[in-house]
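# Coordinates in review
The residues making up each chain are set out below.
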Amino acid sequence: MSPRLLLVALATIAAPVFAQTVPPGYPADYAQTIAAAKKEGKVVIYSALDTKAAQPLIKDFNAVYPDIKVEYNDMNSTEMYNRFIAESASGQGGADVMWSSAMDLQVKLVDEGKAMPYVSPEASKLPKWAVYKNEAYGTTYEPAVFIYNKRLVTGNEIPHDHASFAKLLNTDTAKFKGKVTTYDIEKSGVGFMFVVQDSKYFPGMKDLEKGFGATNYRVYASTGNMLEKVSSGEHLLGYNVLGSYALVRAKKDPNLGVVLPKDYTLILSRVMFIGKNAKNPNAAKVWTDYILSPRGQKMIGGAVELFSIRTDVETEYTAASLDKELGKNAVKPIPVSSEITTWLDPKKRLEFLSDWKKNVAAGSGK
């Protein structure tokens, strides 16, 4: 056989290997969605997950769909929300996909009609609480944890549930003065959402708030600051820190301890939806399905080092492993539902913040 014919024969054999086929269990007409997505040629994503962390996902997506370019824009959740609102109001094309840890803001946008209805072929594999109106989907399973400095906080000082955290602040106040940190709930959407959920599950919330006041606690808008300052010993304890980041840091940092609270552990899920006016709606569907698929979820729970929300995926960080460690009853997922938007009402939010500040002030003696 001539070299030219040999090359043609090899190309014919290899072609099916690289063909983009419809995933198993998907409707037959999904091939049309893939073809339309390839024609669009790109998907524009706004996300609160930084680009470096998302890189394994983007790279793997492009390995499966090389004809769909990913335009990935990372920003903090509030900036992302405001930008999307402004672009929607002006009629400008912005995000095809919105993906954020600020679950309540995402649900608010869905309730305001800003999302495109889309029944993902992967939706039935998700927990029911993670699917909202067939428009928004929870994609991760990230715990809220306590962190502590392992050199300076030891033995019985380590809090293992919310009550022991509150008790520690109120009884060993001198040691922890200026040494306790949590999110700035006025600036961090995630921080605010966590404490609203705490008030539902933890009857001793007022004691905790007083403990924050007694120890003159410090607040930050980002997880990174809290991890850094507890690791260095500038602070000793961190409350309601996003566990997906804390657990990864603790693997490499001998100074950082992480506690999954035994009474209950809140679970955050990054919410994804397709914009109602998406310029590349088919590419957005393909991206969403990839993120929710076993392949995408294995990447999320592996290289990306967040927790996979699916229980049928085997990787390092999964919902199944977390449920097994804590016990099903101790895990409290924050639902992707209108329930979590209640406290976004300006009046209710101000009332909550006012009560919080009053209790903190009572603890500080002011």
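In short, a report on the structure. (Residues numbered from 1 in each chain as written. Predicted model: local features only at pLDDT ≥ 70, side-chain atom pairs only at ≥ 80, totals over all residues. Heavy atoms only, no water.)

### Quick word on the overall build of the protein
Secondary structure assignment for the protein yields 15 helices and 13 strands. At 23 Å, the protein has a C-alpha radius of gyration in line with the 21 Å of a compact globule built from 366 residues. With respect to the three principal axes, the spread of C-alpha positions in the protein is 85 × 45 × 30 Å. Evaluated residue by residue, the protein yields a buried proportion of 52% over its 366 residues. The contacts of the protein with a sequence gap of at least 6 include a subset with a gap of at least 24, amounting to 78%. In the form shown here, the protein has an accessible surface area of approximately 16400 Å², with 54% of it arising from carbon and sulfur atoms. Treating the 45 positive side-chain charges of the protein as one cloud and the 39 negative ones as another, the clouds have centres 1 Å apart. (Helix = DSSP H or I, 4+ residues; strand = E, 2+ residues; numbered from the N terminus. Rg over C-alpha atoms; globule rule 2.2 N^0.38 Å. Buried < 20%, exposed > 50% of the residue type's maximum accessible area, 1.4 Å probe, protein only. Contact = heavy atoms within 4.5 Å. Areas by Shrake-Rupley, 256 points an atom, 1.4 Å probe, with all protein chains shown as cover. Lys, Arg positive; Asp, Glu negative; His and termini not counted. Charge placed at Lys NZ, Arg CZ, Asp CG, Glu CD.)

### Side note on the pattern of salt bridges
For side chains bearing opposite charge, pairing can occur when the charged atoms are close. In this structure the tally under the stated criterion is 19 salt bridges. With its nearest N and O atoms 3.2 Å apart, the salt bridge here joins Arg 249 to Glu 228. Note that Arg 249 is positioned in helix H11 (residues 243–252) and Glu 228 in helix H10 (residues 223–232), a separation of 21 residues in sequence. Classification of Glu 228 by relative accessible area gives partly exposed; the value is 44%. Here Lys 251 makes a salt bridge to Glu 316, at a shortest N to O gap of 3.0 Å. Of this pair, Lys 251 sits in helix H11 while Glu 316 sits in the loop between helix H13 (294–300) and helix H14 (319–326); the two residues are 65 residues apart in sequence, bridging distant segments of the chain. Note on Glu 316: relative accessible area 45%, which makes it partly exposed. (Salt bridge = Lys/Arg side-chain N within 4 Å of Asp/Glu carboxyl O.)

### Examining unusual backbone geometry
One non-glycine residue with positive phi stands out, namely Lys 133, at about 55°. With respect to the helices and strands, the residue Lys 133 is situated in the loop between strand E4 (131–132) and strand E5 (136–138). On the basis of relative accessible area, Lys 133 is assigned to the partly exposed category, the value being 48%. Even without glycine at this site, Asn 240 takes up a positive phi of about 55°. Residue classification places Asn 240 among the buried positions, given a relative accessible area of 3%.

### Thoughts on empty space enclosed by the protein
According to the stated counting rule, one finds 1 cavity of 30 Å³ or more in the structure shown. Reported here for the largest cavity is a volume of approximately 30 Å³. Around the largest cavity sit Asp 104, Phe 192, Met 193, Val 196, Gln 197, Ile 340 and Trp 343, which together line it. Residues of the lining of the largest cavity, tallied by class, amount to 5 nonpolar, 1 polar and 1 charged. (1 Å grid on protein atoms, 1.4 Å probe; cavity = no way out; pocket = protein on both sides within 12 Å on 5 of 7 lines; lining within 4 Å. Points joined across faces, edges and corners; volume = space filled by probe spheres on them. Nonpolar A, V, L, I, M, F, W, Y, C, P; charged D, E, K, R; others polar.)

### Side note on helix H4 (residues 77–90)
Count 3.6 residues to each turn of an α-helix, and residues three or four apart come out pointing the same way. Compared with an ideal rise of 1.5 Å per residue, which puts 14 residues at 20 Å, H4 spans 20 Å between its outermost C-alpha atoms and is within 8% of the ideal. Within H4, burial applies to Ser 77, Met 80, Tyr 81, Phe 84 and Glu 87. One face of H4 carries all of its buried residues, which in axial projection span an arc of 140°. Considering only its buried residues, H4 is in contact with strand E1 (42–47), strand E3 (97–100), helix H5 (103–111) and strand E12 (271–274). (Expected span 1.5 Å × (residues − 1). Arc of directions from axis to C-beta.)

### Overview of the nonpolar core
It is characteristic of soluble globular proteins that their nonpolar side chains tend to be buried jointly. If you look at the biggest cluster of nonpolar residues, it comprises 85 residues, and the most contacted ones within it are Phe 165, Phe 194, Leu 208, Phe 212 and Trp 356. Tallying contributions element by element places helix H8 (residues 189–201) first for this core, with 6 residues. In this structure Leu 208 touches Phe 165, Ala 166, Leu 169, Phe 202 and Tyr 239, once residues within four positions along its chain are discounted. Among the nonpolar cores identified, the runner-up in size contains 33 residues, and Tyr 26, Ala 278, Met 299 and Leu 306 belong to it. (Core = buried A, V, L, I, M, F, W, Y, C linked by side-chain atoms within 4.5 Å.)

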